Amino acid sequence: MSTIIDGKETSAQIRKEYAEEVKELAKKGIVPGLAVIIVGNDPASAVYVRNKGKACQEIGIHSEIIEMPEDTPEQKLIEEIQKLNERKDIDGILVQLPLPKHINPSAVVDSISPQKDVDAFSEVNVGKIMLGRQSFVPCTPAGIMELLKRYNIDITGKNCVVVGRSDIVGKPMAMLLMQQDGTVTVCHSKTQNLSEYTKRADILVVAIKKPRYVKANMVKEGAVVIDVGINRFENGKLTGDVDFDEVSKVASYITPVPGGVGPMTITMLLKNTITAARQNRENN
Ligand code: GUN
């Protein structure tokens, strides 16, 4: 049986540490500020945004949620971002994705000042990750790295297989594992004989949005399995991309869904916002 990596408990512990950091900053007159912009009425996005605001509030970070209508022109959204770029009390700016179809997400994300891009999705911050000079790391891969660290899982020299090549998870995940001296393979929807790769993984990260796709016969005995998938069945129940019941019998460590990677994502947003406040304000 495997050890279950408890993202909820780890996340709660880390948030306590961050609350202390925020208190220390307050003594210097610094209250980190995060602005979250949501365009349109996507119900899932609305929940995520509300949770982000709540998490900020709980540890003393100032947050503002800016709601814009579905038919907002791209230029108007960019103007709103430019105003936030200028504000001294706002350290982090996040535009919730997906955006309505008439808006080009790259143009929007790249209009966020790189010093305030706490999602690390902009060209500049993606480039920094490639070079290993990042100040912000995208929240989901950052959360996974933090879980591996806190469970003392060594990456050096390990076969790390990332399944999924998205800009938000797969690509930055591969970079971070490589920075920690992992031997990294990235697989995706066009990979042939996927299980030949997954079976060689010491650390397997799966982010493909396919419910319970990874089965026990695709996983090496003793592997560390990280499940990024959040798939919702019609009855509302959540499941990951990994068949937890099967795979937990062969893995050494495994993240559950819910309660694994998910809770860490917002925690890393808090981290990036605190980092931004330090960088933007501590020596100014
Ligand atoms: N939509 C789904 N995940 C994310 C995320 O991490 N950041 C933003 N801005 N939007 C998202």
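Let us look at the structure shown here. (Residues numbered from 1 in each chain as written. Predicted model: local features only at pLDDT ≥ 70, side-chain atom pairs only at ≥ 80, totals over all residues. Heavy atoms only, no water.)

1. Concerning the site of the ligand
What counts, and what does not: For this description, a residue counts as near a given molecule or strand if any of its non-hydrogen atoms is within 4 Å of it. Nitrogen and oxygen atoms within 3.5 Å of one another constitute a polar contact, given that in protein one can donate a hydrogen and the other can accept it, and given that sequence-neighbouring residues count only through two side-chain atoms. Exposure was quantified through the Shrake-Rupley algorithm and a 1.4 Å probe, taking into account, for residues, occlusion by the shown protein chains and nothing else.
Lining the immediate surroundings of the ligand are Lys 52, Leu 94, Val 95, Gln 96, Leu 97, Asp 119 and Phe 121. The separation between a nitrogen atom of the ligand and a polar side-chain atom of Gln 96 is 3.3 Å. Asp 119 has a polar side-chain atom sitting 2.6 Å from a nitrogen atom of the ligand. For the ligand, whose unbound accessible area comes to 270 Å², protein coverage reaches 78%.

2. A word on the packing of aromatic side chains
The test is simple: Put simply, two rings from Phe, Tyr or Trp (the six-membered ring, in Trp's case) pair if the centres are within 6.5 Å, and we call them stacked under 30 degrees between planes, edge-to-face over 60, tilted for the rest. Put simply, DSSP H or I for four residues or longer makes a helix, DSSP E for two residues or longer makes a strand, and each gets a number counted from the N terminus. Only protein chains enter the calculation, and the probe is 1.4 Å; a residue is then buried if its accessible area is under 20% of its type maximum, exposed if over 50%, and partly exposed in between. Comment: the charge-over-ring label is applied if NZ (Lys) or CZ (Arg) is within 6 Å of the ring centre and within 35 degrees of the ring normal.
Using the criterion set out here, one finds one aromatic pair in the structure. Relative to Tyr 253, the ring of Tyr 151 lies with its centre 6.3 Å away and its plane at 75 degrees, an arrangement referred to as edge-to-face. Of this pair, Tyr 151 sits in the loop between helix H6 (139-150) and strand E5 (159-163) while Tyr 253 sits in strand E11 (residues 253-254), and the two are 102 residues apart along the sequence. Tyr 253 sits in the partly exposed class, given a relative accessible area of 25%. Sitting over the face of the ring of Tyr 213, Lys 210 holds its NZ or CZ atom 4.9 Å from the ring centroid.

3. Some points on the sheet that holds strand E4 (residues 92-95)
Note: strands within a sheet are paired through backbone hydrogen bonds, in either parallel or antiparallel orientation. Formally: Whether two strands pair comes down to DSSP finding at least two bridges between them. The axes used here are C-alpha line fits, helices contributing only the stretch in contact, and every angle between their N-to-C directions lies in the interval 0 to 180 degrees. What makes two residues a contact is simply this: any of their non-hydrogen atoms within 4.5 Å.
Read from one edge to the other, the open sheet built from three strands follows the order E3-E2-E4, with strand pairing classed as parallel. Two strands in the sheet have a free side with no partner beyond their single neighbour: strand E3 (62-68) and E4. Neighbouring strand axes in the sheet, compared pairwise and without regard to direction, differ in orientation by 15 degrees on average. Relative to E4, strand E2 (residues 33-39) is paired through four bridges, and the arrangement is parallel. Directly across from Val 36, in E4, lies its bridge partner Leu 94. Running at roughly 170 degrees to E2, helix H2 (residues 43-59) makes contact with E2, E3 and E4 of the sheet. Packing of helix H3 (residues 74-86) onto the sheet brings it into contact with E2, E3 and E4, and relative to E2 it is tilted by some 175 degrees.

4. Considering the pattern of salt bridges
Cut-off, in case you're wondering: Any carboxyl oxygen of Asp or Glu within 4 Å of a side-chain nitrogen of Lys or Arg constitutes a salt bridge here.
Counted under the stated rule, the structure contains 15 salt bridges. With a closest N to O distance of 2.7 Å, Lys 220 and Asp 202 form a salt bridge. Of this pair, Lys 220 sits in the loop between strand E7 (203-206) and strand E8 (224-227) while Asp 202 sits in the loop between helix H8 (194-198) and E7; the two residues are 18 residues apart in sequence, bridging distant segments of the chain. Accessibility expressed as a relative area gives 21% for Asp 202, which makes it partly exposed.

5. Here we look at the environment of Lys 52
As for its placement among the helices and strands, Lys 52 is situated in helix H2. Expressed as a C-alpha distance, the spacing of Lys 52 and Leu 269, which sit 217 residues apart in the sequence, is 8.2 Å. Setting aside chain neighbours within four positions, we find Lys 52 in contact with Leu 94, Gln 96, Ile 266 and Leu 269. At 2.7 Å, the side chain of Lys 52 and the side chain of Gln 96 are in polar contact.

6. Comments concerning helix H7 (residues 170-179)
Judged by how many residues are buried, H7 sits mostly within the fold: seven of ten residues are covered. Of the residues making up H7, those classed as buried are Gly 170, Pro 172, Met 173, Ala 174, Met 175, Leu 176 and Leu 177. Those residues of H7 that are buried are in contact with helix H5 (123-131), H6, E5, strand E6 (183-187) and E7. Directly beyond the C-terminal end of H7, a positive phi value near 70 degrees is found at Asp 181.

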